[in-house]
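Below are the chains, spelled out letter by letter.
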Amino acid sequence: MRPALFKKKMDKTLVWALVVLVVNFSGCFTEGVNNTTFPKRPDVVSIASILTFDSIIGKVAKIALEAAIEDVNADPTVLNGTKLKLSLHDSKYSGFLSMMAALQVMETDAVALIGPQSSVLAHVISHVANELQVPLLSFTATDPTLSSLQYPFFVRTTHSDLYQMAAIADIVRYYEWRQVIAIYIDDDHGRNGIISLGDQLATRGCKISHKAPIKPLATKTDISNVLVQVALMESRVLVVHTYANWGLDILEVAKSLQMLDNGYVWLATNWLSTVIDISSPLPTNTVDVMQGFITLKSYTKESNLTRKFASEWRNLTAFGLSTYCLYAYDTVYMLAHALDAYFDRGGNISFSKDVKLKGIKGEILNLDSLSIFDGGNLLLQDILNVKMKGLTGDFAFTSNKDLVSPAFEVLNVIGTSVRRIGYWSNVSGLSTTPPETVNMKPRQQSSSSDALLAVMWPGQIIQKPRGWVFPENGKQLKIGVPKRVSFQEFVGQSRNSDAFKGYCIDVFTAAVNLLPYAVPYKFQSYGDGVKNPSNTMLVSLINTGVYDAAVGDIAITTNRTRLADFSQPFIESGLVVVAPVRRSTSSTWAFLRPFSPLMWCVSGIFFIVVGAVVWILEHRINDEFRGPPKKQLVTVLWFSFSTLFSSHRENTLSTLGRMVLILWLFVVLIINSSYTASLTSILTVQKLYSPIKGIDSLMASKDPIGYQENSFVRNYLIAEYGIHESRLIPLSLPEDFDKALRDGPNNGGVAAVVDERAYVELFLSTRCDFSIVGQEFTKNGWGFAFPRDSPLAADMSTAILKLSESGELQRIHDKWLMRSACSSQGTKFEVDQLELTSFRGLFIICGLVCFLALIIYIGLIIRQFYKHYPMLSESSGRSVRSGPLQTFVSFVDEKEETIKARSKRKYSEGSSCRTDVDNASIQNYKCSRFLIL
């Protein structure tokens, strides 16, 4: 009993010991937890802002920031009781003061800096922010280069100019302008924004034709000097990228230079919409200088938050509400949310000395007071991870530190207000539908006619401006003209003067006269006057800048379009073959010429084959196809060839025979009609004959071929048709063409000449011994050449179309190129013989029908043979061993009626025999019964 009692006491002791241990361990654990709790949130967190208080944006941004601080501090749920303290610093338009203000901020315990207002200062202060690890937040610095990895602590809380320039590039492409002039402030903000514009335009096939930088803090005289140069340029599409404070000065100077009249297009970045939003109502003289402008404005979706804030804004200030105010307000709230997340993660406000600044002494600058924010990196990550609903909509950052969903409104200044003509977003491009609606179902960017609404342009016009003009005080165009030695009817230079004349010159002059603006130009000859110059080389000189355009007999080819832009062709001129021709006379055997020898042979064979097939199908049932072998042979031949005239007297009785005959008569009808038509043409129409039939016969031969010297024909024949260059003979004058063709390939001449139709028609107008043979084997035309992307090419094309529609182009053609045509021009070439190829389908069908008819006939014959074979063996008195094949041949040759009659007779005899046998059996049965009885 004692051991049991001792054991019971020991169990109770262990239980109490375990309880004590758990209690002590719990106390220690609780104490450990209490020792590792996050530090207490500070009561106040300092932030700073650098603005230009006297600027348009600075005035309203200061109010917006203070309102946001007040609202954050009034809402304990944002920072859980922590307050924000904002210190404002005025840069007073001075980069030096901004830098000093930034250093002063870094001496304090500020954890973030909002600003600066300028992209130029943002570049400088970002280096300080990087070193001291203080996040730098800016809602106004839009320079795209600030997004680079060089500035990790810079966070842009508005949209980059990269997207704004993409929107302007889409507008330029939508209105089909090719070139723009960029007017901008020559600092980091202006230069980098215009570089982005150039990149965006290039991807859309457009470009900046001229950059007009204006120095910062420029006077109106400085601005005037720049705009005077702009007025001398060709482009009339002007993009203004500047600051809100200085943009109106540019417009006022432009008005004094009459640059706000008809024909100009002014595209302003969002600085203009900012001025309108903040400073409205504007003075009358200010409104007048922005009429017809197109400007952009950051798009913010209207919501209850924005309506409430707009209502409160009217109580705060008399200034208008700008999108910059909304982004300033959202920047403070975004920073508050980031600080809340920072404190939740255990972050605290602590600073440490920068070891790089040790040992640097200064009497004025207290650099030792600058310290690194220890939680800078952690706070930066919390800033970039913020996702919230703000006044500007969804507020969040992409992986590139850009705000999500960049979008702009496209506005047109009309009267004292602006009219929204569309939207732009990086997803949908230009559209008349709000971005949030379009983004729900993204569509491909398009330049359809409904992408923007109608615009009132400068000068109060609604028709889209051309976008460029040729300036009245501009230099004369240097136009290269080939100095030809042959075919000067197209283009030639007068002997006693520098004037040019010809068909091409008259067309160009008439087209220029139709342009709605003056185009000063001067013709300059190209070539030595000894031989025709190369038009390809002339076009290449446009690309190098020697000439501003080229006018003449310039064919539009693929290689040349890589060097320059061409106008609409003013004459069609493909390549043709010219060869000697002679009149073709009738001969004794002219009736054989309609068909080729192969066609005659195949036709004769089919006449015999069809006759034989019909004989086989009719032989067993038709008496007209039976008889002695000689008679049957004559019948086959007679029947075959009499079908040519449908005069056959034999009737067909079998279905298969009639089917074959009907089809054959149809084939004969086609052959007969074709033969008659061809023979009529041969005997009645005057004809020309040439052994050369076209480019294909030239390729098949080895004879020399002539071409016009220095034309593109030589390289074309070598590259496209594989003709060896040794066969190509250059010829200069029409007289050289004539002599080479008359001499022929055997006497040092050529078999044919390949040249453009325009030259050939002029050459043949007085020479009847030659003619164009074959078809035109290329399709091209002549046009005027201009530099790449020259707007003059499109306007000249329109003028050429007007000349064509009015009939003036034809009158110019008749003036220079209409000659008295020789009498042979009304004749025709010898008609080609009809080849078997033209009738191959008919013969194939006829042959298949004959073959199928024979197959069906043979099948029926074999079936009948096996059916009547035993009867044939008995009737012939021969055994089967005498030969089945001979029996089958005899069966086929015998008339079908005879076989059927014999079969019927045998069947009758067999029936009578069976009847006699049956009667005898019955009689025997009766006799047997009688005997038994």
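What comes next concerns the included structure.

1. A word on a nonpolar patch on the surface
A surface patch of nonpolar side chains, about 420 Å² in accessible area, is lined by Trp589, Phe591, Leu592 and Trp600. Within the secondary structure, Leu592 is located in the loop between strand E26 (582-584) and helix H19 (597-618).

2. Quick word on the packing of aromatic side chains
The geometry of an aromatic ring pair is captured by the separation of the ring centres together with the interplanar angle, meaning the angle of the planes. For the structure shown, the criterion picks out 38 aromatic pairs. Between Phe606 and Phe843, the ring centres sit 4.8 Å apart and the planes meet at 40 degrees, which makes this aromatic pair tilted. With Phe606 in helix H19 and Phe843 in helix H28 (residues 840-876), this residue pair connects regions lying 237 residues apart in the sequence. The aromatic ring of Phe53 is capped on one face by Lys62, whose charged end is 5.8 Å from the ring centroid.

3. Points about the sheet that holds strand E31 (residues 770-773)
Strand pairing in a sheet relies on backbone hydrogen bonds, with the paired strands running either antiparallel or parallel. The strand order across the open sheet formed by 5 strands is E29-E28-E30-E25-E31, and the pairing between neighbours is mixed. Of all strands in the sheet, those with a lone pairing partner are strand E29 (728-731) and E31, marking the two edges. Taken over all neighbouring pairs, the strand axes of this sheet differ in orientation by 35 degrees on average, direction set aside. Relative to strand E30 (residues 752-756), strand E25 (residues 575-580) runs antiparallel, the two being bridged by 4 bridges. Directly across from Val576, in E30, lies its bridge partner Asp755. Across the sheet, helix H25 (residues 757-764) touches E25, strand E28 (705-708), E30 and E31, and the angle it forms with E30 is around 120 degrees.

4. Overview of helix H5 (residues 119-132)
Turn by turn, an α-helix covers 3.6 residues, leaving residues three or four places apart pointing in a common direction. Between its terminal C-alpha atoms H5 stretches 20 Å, which fits the 20 Å expected from 14 residues at 1.5 Å a residue. The axis of H5 is deflected most strongly, by about 30 degrees, at Ile125. In terms of burial, H5 is largely enclosed, as 10 of its 14 residues are buried. For H5, the full list of buried residues reads Ser119, Leu121, Ala122, His123, Ile125, Ser126, Val128, Ala129, Asn130 and Leu132. Residue Ser118 occupies the N-cap position of H5, its side-chain oxygen lying 3.1 Å from the main-chain nitrogen of Val120. Immediately downstream of H5, the backbone of Gln133 shows phi near 55 degrees, a positive value.

5. Observations regarding the pattern of salt bridges
Any two side chains of opposite charge can pair if their charged atoms end up close together. Applying the stated criterion across every chain yields a total of 28 salt bridges. For Arg156, the salt bridge is made with Asp402, and the minimal N-O distance between the two is 3.8 Å. Of this pair, Arg156 sits in strand E5 (residues 154-156) while Asp402 sits in the loop between strand E14 (393-395) and strand E15 (407-414), and the two are 246 residues apart along the sequence. Three or more residues joined by partner-sharing salt bridges are found here, namely Asp738, Arg742, Arg767 and Asp769.

About the cut-offs
- Residues numbered from 1 in each chain as written.
- Predicted model: local features only at pLDDT ≥ 70, side-chain atom pairs only at ≥ 80, totals over all residues.
- Heavy atoms only, no water.
- Patch = residues over 30% accessible without salt bridge, like charges linked within 9 Å, V, L, I, M, F, W, Y side chains within 5 Å.
- Areas by Shrake-Rupley, 256 points an atom, 1.4 Å probe, with all protein chains shown as cover.
- Salt bridge = Lys/Arg side-chain N within 4 Å of Asp/Glu carboxyl O.
- Helix = DSSP H or I, 4+ residues; strand = E, 2+ residues; numbered from the N terminus.
- Phe/Tyr/Trp six-rings, centres within 6.5 Å; stacked < 30°, edge-to-face > 60°.
- Lys NZ or Arg CZ within 6 Å of the ring centre and 35° of its normal.
- Pairing = 2+ DSSP bridges.
- Axes fitted to C-alpha atoms, helices over the stretch in contact; angles between N-to-C directions.
- Contact = heavy atoms within 4.5 Å.
- Expected span 1.5 Å × (residues − 1).
- Bend = angle between axes of the 7 residues up to and from the residue.
- Buried < 20%, exposed > 50% of the residue type's maximum accessible area, 1.4 Å probe, protein only.
- Polar contact = N/O pair within 3.5 Å; in protein donor to acceptor, adjacent residues only side chain to side chain.

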